[in-house]
Amino acid sequence: AAFSIGGIVAKNRDFRPEHKALQRVFLHRDPAWRGRAVLCLGSLGAPGAWSSGMNSDGFALADTQIATADHGPGLLRYFLMTRLLARCGSVEQAIADIAAMPQAGGGSLVLGDATGAAAWVELRHARVDVARGAWAAHTNHYTVAPDALPPVAHSFGRLEVLRTALAADPACDPRALLATHAPEAVCRHAPDPSPTLAGAVWNCRERSALIADGPPCTADWVRFEADGTGWR
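The structure presented is a predicted model; accordingly, all values stated were derived computationally and were not measured.

Q: Requested: an account of the overall build of the protein, with residues and values cited.
A: Of the regular secondary structure elements, the protein holds 4 helices and 13 strands. C-alpha extents for the protein along the principal axes are approximately 45 × 40 × 35 Å. In the protein, of all internal contacts separated by at least 6 residues, the share reaching a separation of at least 24 is 56%. Of the accessible surface of the protein, which amounts to about 9800 Å², a share of 57% is contributed by carbon and sulfur atoms. Charged side chains of the protein number 22 positive and 22 negative; the gap between the two group centres comes to 4 Å.

Shown next, in the form of structure tokens:
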């Protein structure tokens, strides 16, 4: 589950339990990025932003996994995420970059930036759907057009929880929303095969982050602050 509102991008990382030992917060720099730095949550041995992240311009993104039968030659989402954080400083730049190249298909991205812009992008090979608004929320199913492959059943209930909360209180605490357990659990636990391994809240305006290394309902939140060269 991921959402973007008012310059905040937040996500629960739901994944197989064995990946917990590989989970890390990474700081990436590259001379080709012309001074831009990227802070992201991912896994050792995986592409850089393999879940969510933010760059030093205050542009942030988070992905959600969605199974699709519509695959083809193009850029895989995990490589796309790192590319966007390395190249883009805003939601609109990212949307233009996505539109300019073929996509391999699968999943969605939730985007936010320091101006407060919010959007989500649903990725398939033959079609890419975009929605902009005061806020954006996404879980693990396509909302514009159904796919031939069925989504995880509880995705619909989790999306409704996010939509209801964001519409009712745009200033809600993102950490509390990520920790929600009812009426449908946004924070997932066993026996779900993909329990929540971490929570992430990216503050695009402050260029800061709060990361819970575990379920956001119980784990401590660690703050990362920009220090001019990266984050500490």
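Q: Which residues make up the nonpolar core, and what values go with them?
A: Counting residues in each nonpolar core, the largest one holds 23 residues, and the members touching the most others are Phe 59, Leu 61, Leu 80, Leu 84, Ile 98, Leu 109 and Leu 111. Contributions of two or more residues to this core are made by β4 (37-43), α1 (77-87), α2 (91-99), β7 (108-112) and β8 (118-123). Top contributing element to this core by residue count: α1, with 5 residues. The residues touching Leu 111, leaving out its near neighbours within four places in the chain, are Ser 4, Val 9, Phe 59, Ala 60, Leu 61, Val 91, Ala 94, Ile 95, Ala 117, Ala 118, Ala 119 and Val 121. Ranked by size, the runner-up nonpolar core spans 20 residues in total, among them Leu 41, Ala 60, Ala 200 and Ala 209.

Q: Quick one: what's the story with the pattern of salt bridges, residue by residue and with numbers?
A: Two side chains with opposite charge may pair up if their charged atoms get near one another. Tallying each qualifying case throughout the model produces 16 salt bridges. Between Arg 87 and Asp 97 there is a salt bridge whose closest N-O contact spans 3.1 Å. With Arg 87 in helix α1 and Asp 97 in helix α2, this pair connects stretches of sequence that are 10 residues apart. The exposure class assigned to Arg 87 is partly exposed, which follows from its relative accessible area of 48%. Taken together, the salt bridges that share partners define one network made up of Glu 206, Arg 223, Glu 225 and Arg 232.

Q: Hey, could you go over the packing of aromatic side chains for me, with residue numbers and the actual values?
A: The final tally for this structure, using the stated rule, is 2 aromatic pairs. Arranged with centres 5.4 Å apart and planes meeting at 85 degrees, the rings of Phe 15 and Trp 50 form a pair that is edge-to-face. Placement of the pair is Phe 15 in the loop between β2 (8-14) and β3 (23-29) and Trp 50 in the loop between β4 and β5 (52-55), with a sequence separation of 35 residues. Classification of Phe 15 by relative accessible area gives buried; the value is 18%. Trp 50 gets classed as buried once you look at its relative accessible area, which sits at 16%. Arranged with centres 5.5 Å apart and planes meeting at 70 degrees, the rings of Trp 50 and Tyr 78 form a pair that is edge-to-face. One end of the pair, Trp 50, is in the loop between β4 and β5; the other, Tyr 78, is in helix α1, and 28 residues separate them in sequence. For Tyr 78, a relative accessible area of 22% puts it in the partly exposed group.

Rules used throughout
- Residues numbered from 1 in each chain as written.
- Predicted model: local features only at pLDDT ≥ 70, side-chain atom pairs only at ≥ 80, totals over all residues.
- Heavy atoms only, no water.
- Helix = DSSP H or I, 4+ residues; strand = E, 2+ residues; numbered from the N terminus.
- Contact = heavy atoms within 4.5 Å.
- Areas by Shrake-Rupley, 256 points an atom, 1.4 Å probe, with all protein chains shown as cover.
- Lys, Arg positive; Asp, Glu negative; His and termini not counted.
- Charge placed at Lys NZ, Arg CZ, Asp CG, Glu CD.
- Core = buried A, V, L, I, M, F, W, Y, C linked by side-chain atoms within 4.5 Å.
- Buried < 20%, exposed > 50% of the residue type's maximum accessible area, 1.4 Å probe, protein only.
- Salt bridge = Lys/Arg side-chain N within 4 Å of Asp/Glu carboxyl O.
- Phe/Tyr/Trp six-rings, centres within 6.5 Å; stacked < 30°, edge-to-face > 60°.

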